[in-house]
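Breakdown of the fold
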Amino acid sequence: MQTSYLNAGNLRLKTFIFLTILFFSVHTGNKAFAQKDNNVSPRQVRSMDADWLFHLGDADGAEDPKYKDKDWRLLNVPHDWSIEGEVSRDNPTGRGGGFFPAGIGWYRKYFSLPKDIQGKKVFIAFDGVMANSEVWINGHLLGKRPNGYVSFSYELTNYLNYGKKDNVIAVKADNSVQPASRWYTGAGIYRHVNLVIKDPVHIPQWGIYISTPEVSARKATVKFQTEVLNSSASDADLKVITTILDDEGNAVGSTEKEQAVKAGGKAEVIAMVNIDQPDRWDVNNPVLYTAKTKVYNGDKLVDEVSDAFGIREFHFDAASGFWLNGKNLKIKGVALHADGGALGAAVPLTTWRLRFETLKKLGVNAVRTAHNPFAPEFYDLCDEMGFLVMDETFDTWRAAKNHAEKGYNLYFNDWWEADTRDVVLRDRNHPSIFIYSVGNEIRDNLNNEQGFSTYKKMQDLVHETAPGSLVTMALFRPNSSGVYQNGFADMMDIVGQNYREKELVQAHLDKPTRKVLGTENGHTREAWLILRDNPFMSGQFLWTGIDYLGEANWPAISHHFGLLDRLGNETTLAYQRQSWWSEKPFVHLVRYAYNAGNGPLVSNWSPADEDTYDVAEVEIYANTREVEIFLNGISKGVYAVPEDAAPVKAKFTFEPGIIKVVGRNDGEDAAEHEMQTAGEPAKIKLTASSSDLTDKFDDVVYVTAEIVDENGVTCPNSDQMLGFSVTGPGVIAAVDNADRETHVPFYEKQRRVLDGRCVAIVKANAASGQIELSVKADGLQEEKIKLNITE
């Protein structure tokens with residue numbers, strides 16, 4: 001879609017009119033920019049997500065404010081242009097990038113500022129730009145940032161126009177140097193952007209560190225370390241007041257400190273607050289407090305910041321593993337990549353919420369950001385939903401990895417320090433984050449001075465930036481690299497290792513003072529038993545929690561060892577994991593797809609060829625003491641569930657109809673699972689993840705379309721082609737069926753079902769109204785579903 005220069009001009013005019021009204025409202029009673037303390041913050045944060053002009057490809061001179069962009073496309077960010085492209089075996093991203101396109105993308109945005117903003121400090125904050133970004137304001141280069149996962153900001157103050165004259169932000173995002181990653185990264189301004197306006201005396205970005213050095217059920221001590229900058233020409237006598245609010249908004253503690261700061265200087269203000277009988281954050285009680293910090297210069301309120309935080313205490317014990325708030329807890333984690341499947345790298349928060357709800361049901365209590373920091377709101381959601389987080393910085397140091405030879409290794413020497421510091425500064429107040437990892441399967445030599453020094457410098461930097469934090473890295477083949485023998489592992493706060501679980505056990509047995517954690521692990525029963533049966537094993541992170549784009553061999557475009565597929569649906573691995581990790585009674589039956597125990601395990605009772613499928617070989621995943629199988633009401637036997645976490649296995653003559661398995665504890669039914677043989681396809685069944693949505697970027701609805709028989713049973717062997725369309729103020733953002741070998745672009749509105757189903761992801765594009773999604777298939781009646789847009 002192209003936009004005209006007239007449309008871009010109208011956009012600039014509308015922006016100017018809005019800001020002019022805002023300017024005059026200040027002088028007629030509206031306090032949007034008032035400096036007095038009237039419960040309105042003097043700090044202004046404005047979303048800059050809307051109305052960017054985009055050009056795919058290089059555009060020489062596009063940083064010039066006078067550049068002619070009349071043919072550029074008008075869009076909003078977050079935006080991932082790579083996912084909009086077509087996959088090709090010839091694309092330079094290769095297997096790592098899922099064969100999606102790479103290149104250069106340019107973004108330009110016009111905005112105006114009222115004159116009374118003059119004298120304030122104005123910043124542009126990017127949550128992430130992929131990759132090798134360069135940013136200009138009014139033709140002035142603000143800086144470059146190679147790492148596409150790191151959040152950053154630039155000050156605009158000295159280069160801005162005020163009043164009627166436009167300002168132009170230009171951003172170049174260049175991921176043309178490939179192969180740069182072992183997985184799909186996306187391309188462009190794929191996270192949120194904000195304009196931040198502050199008084200010259202202010203708290204800098206990420207300038208408050210909140211820690212809880214003492215926590216018990218009776219009392220908690222909350223420590224605030226607040227940095228204040230005085231970029232004015234006058235000395236300042238400051239008062240810093242922090243008020244703590246509980247999750248219902250009640251004030252439960254406060255502190256007030258005075259601090260003199262010279263002109264052009266800065267200071268750190270340290271304060272402690274005691275909270276009686278704190279409500280402690282943990283994975284089953286993710287309660288959050290809010291710290292509201294106000295800075296006064298004399299009697300004038302000059303800055304205000306709100307930070308969510310949690311009160312919790314955790315530690316690792318060499319003999320007994322991980323402890324959270326005085327309770328021994330096994331870390332049951334999954335490693336995740338940052339893409340949202342068909343939505344690419346620009347992932348709405350709804351996508352993560354739906355995925356997290358399913359992972360929580362399976363018993364997952366922790367995630368690892370593999371192998372880079374995620375968007376800020378991802379950690380907010382982990383705080384809210386009760387997931388522990390291993391926050392990881394880098395997949396490579398100096399040495400390259402296969403299929404990513406032109407990745408971060410090209411920039412590590414120059415950027416590791418700034419990137420590490422910014423990651424920790426941004427994320428350090430999240431109660432969900434319990435450990436930082438500074439490397440994944442690093443190929444650098446860890447048996448020499450440089451290897452030791454590199455790790456130690458990064459660990460020291462994390463400790464300095466977030467005092468009290470713990471640091472690890474995901475060791476790669478440690479016995480081969482010698483890190484258990486040469487002292488390297490003993491520098492680490494926690495020894496983390498990928499796979500080879502027996503080696504990690506032995507590393508602890510050889511030196512029982514080592515605290516150990518599986519940073520990446522397979523789905524095998526042997527790996528689970530090592531965690532279950534060894535108290536000193538703190539936890540594991542499965543590879544992987546969710547299927548992701550990239551790291552796949554053509555014709556596949558996505559990886560496939562997830563508990564969930566690209567759409568967030570459980571795989572058979574999920575059912576087995578739920579039987580091991582869930583604290584609720586659980587039972588689930590799967591069968592081998594073909595005779596004689598051949599083929600993949602599937603979760604249906606509808607063989608692809610009933611005429612030749614005569615012997616059903618099944619596995620039952622259960623955490624009850626025994627299970628009983630019923631086929632069409634006839635018992636096929638009662639089986640004890642093995643103590644070694646092995647599945648119950650059974651074999652009997654197949655009959656179409658209803659298969660049911662009941663799990664029992666001490667003779668009492670505790671859980672059951674039932675499946676029915678599907679008949680002929682009869683209709684389309686539509687199910688929405690929600691009946692309501694807003695027009696915000698982070699809100700989407702997943703509508704699942706299933707081919708079902710006359711009884712509503714899903715037909716898993718159907719391959720019907722479905723056509724999707726919408727009416728009303730909404731769009732179909734993507735269509736997907738989780739097929740790893742699909743090469744149909746996700747924006748296409750037609751797709752075949754896989755295992756009987758397909759999903760359309762719907763977004764709103766207006767503040768109110770109703771969206772109607774229609775789904776058609778040859779030979780079946782068209783079905784429709786309505787979604788309401790709420791303000």
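Quick note: structure is the one above.
The text that follows walks through the structure, step by step, so that each part is easy to find. What you see is a predicted model, and the numbers here were worked out from it, not measured in a lab.

**Description of the overall build of the protein**
- Secondary structure summary: the protein contains nine helices and 46 strands in total.
- The C-alpha atoms of the protein give 28 Å as radius of gyration, which agrees with the globular expectation for 791 residues (28 Å, within 12%).
- With respect to the principal axes defined by its C-alpha atoms, the protein has extents near 85 × 65 × 50 Å.
- Here the protein holds 791 residues, and 59% of them are scored as buried.
- Summarising the internal contacts of the protein: among those between residues at least 6 apart in sequence, 67% fall at separations of at least 24.
- Where the 84 positive side-chain charges of the protein centre and where its 107 negative ones centre are 5 Å apart.

**With respect to the packing of helix 4 (residues 412-427) against helix 5 (residues 449-465)**
- Contact geometry for helix 4 and helix 5: axes closest at 9 Å, N-to-C directions at 30 degrees. Judged on the interaxial angle alone, helix 5 and helix 4 are roughly parallel. The interaxial crossing formed by helix 4 with helix 5 has right-handed handedness. Where helix 4 abuts helix 5, its residues Phe-412, Trp-416, Glu-417, Thr-420, Arg-421, Val-424 and Leu-425 lie against Thr-454, Lys-457, Met-458, Leu-461, Val-462 and Thr-465.
- For the contact of helix 4 with helix 5, the residue count by class is seven nonpolar, three polar and three charged.

**Focus: the sheet that holds strand 31 (residues 598-602)**
- The four strands lie next to each other as 31-30-32-35, forming an open sheet whose pairing is antiparallel. Looking at the sheet topology across the chains shown, the edges are occupied by strand 31 and strand 35 (648-653). Ignoring which end each strand starts from, the neighbouring axes of this sheet average 30 degrees apart.
- Sheet analysis places strand 30 (residues 587-594) next to strand 31, joined by three bridges and oriented antiparallel. By the bridge assignment, Tyr-594 is partnered in strand 31 with Asn-598.
- Its contacts with the sheet place helix 9 (residues 572-581) against strand 30, strand 31 and strand 32 (615-622), and it is angled at close to 45 degrees to strand 32.

**With respect to the environment of Gly-496**
- Among the secondary structure elements, Gly-496 is positioned in strand 27 (residues 495-498).
- A residue is classified by how much of its surface remains accessible, and Gly-496, at 0% relative accessible area, is buried.
- Separated by 196 residues in the primary sequence, Gly-496 and Lys-300 have C-alpha atoms spaced 50 Å apart.
- Not counting residues up to four positions away in its chain, the partners in contact with Gly-496 are Thr-472, Met-473, Ala-474, Leu-475, Leu-517 and Thr-519.

Reading the values: the criteria
- For every chain, the first residue of the written sequence is number 1, and numbering continues from 1 along that sequence.
- For this predicted model, a pLDDT threshold of at least 70 governs which residues receive local features, and a threshold of 80 or more governs which side-chain atom pairs are given and counted, while totals over whole chains, interfaces and linings are taken from all residues.
- Calculation of side-chain values draws on the structure's entire complement of heavy atoms; hydrogens and water are dropped beforehand.
- Strands are runs of DSSP state E lasting at least 2 residues, helices are runs of H or I lasting at least 4, and numbering of each runs from the N terminus.
- Throughout, radius of gyration means the C-alpha value; the globule benchmark is 2.2 Å times the number of residues raised to the power 0.38.
- Relative accessibility under 20% of the residue-type maximum defines a buried residue, over 50% an exposed one, and the middle range a partly exposed one, all with a 1.4 Å probe and only protein chains included.
- Should any heavy atoms of two residues lie within 4.5 Å, those residues are counted as being in contact.
- Think of it this way: Lys and Arg go in the positive column, Asp and Glu in the negative one, and His and the chain ends go nowhere.
- By convention, the charge on Lys lies at NZ, on Arg at CZ, on Asp at CG and on Glu at CD.
- Axis definition: a line fit to C-alpha positions, over the contact stretch in the case of helices; interaxial angles, taken between N-to-C directions, run 0 to 180 degrees.
- Should an angle fall under 35 degrees it is taken as roughly parallel, and over 145 as roughly antiparallel, whereas 65 to 115 is taken as roughly perpendicular and any remaining angle as oblique.
- Handedness of each helix crossing follows the sense of rotation of the near helix against the far helix: counterclockwise by less than a right angle gives left-handed, clockwise gives right-handed.
- Three classes are used, and their members are as follows: Ala, Val, Leu, Ile, Met, Phe, Trp, Tyr, Cys and Pro are nonpolar, Asp, Glu, Lys and Arg are charged, and the others, Gly among them, are polar.
- Pairs of strands are assigned from DSSP output, requiring at least two bridges between the strands.

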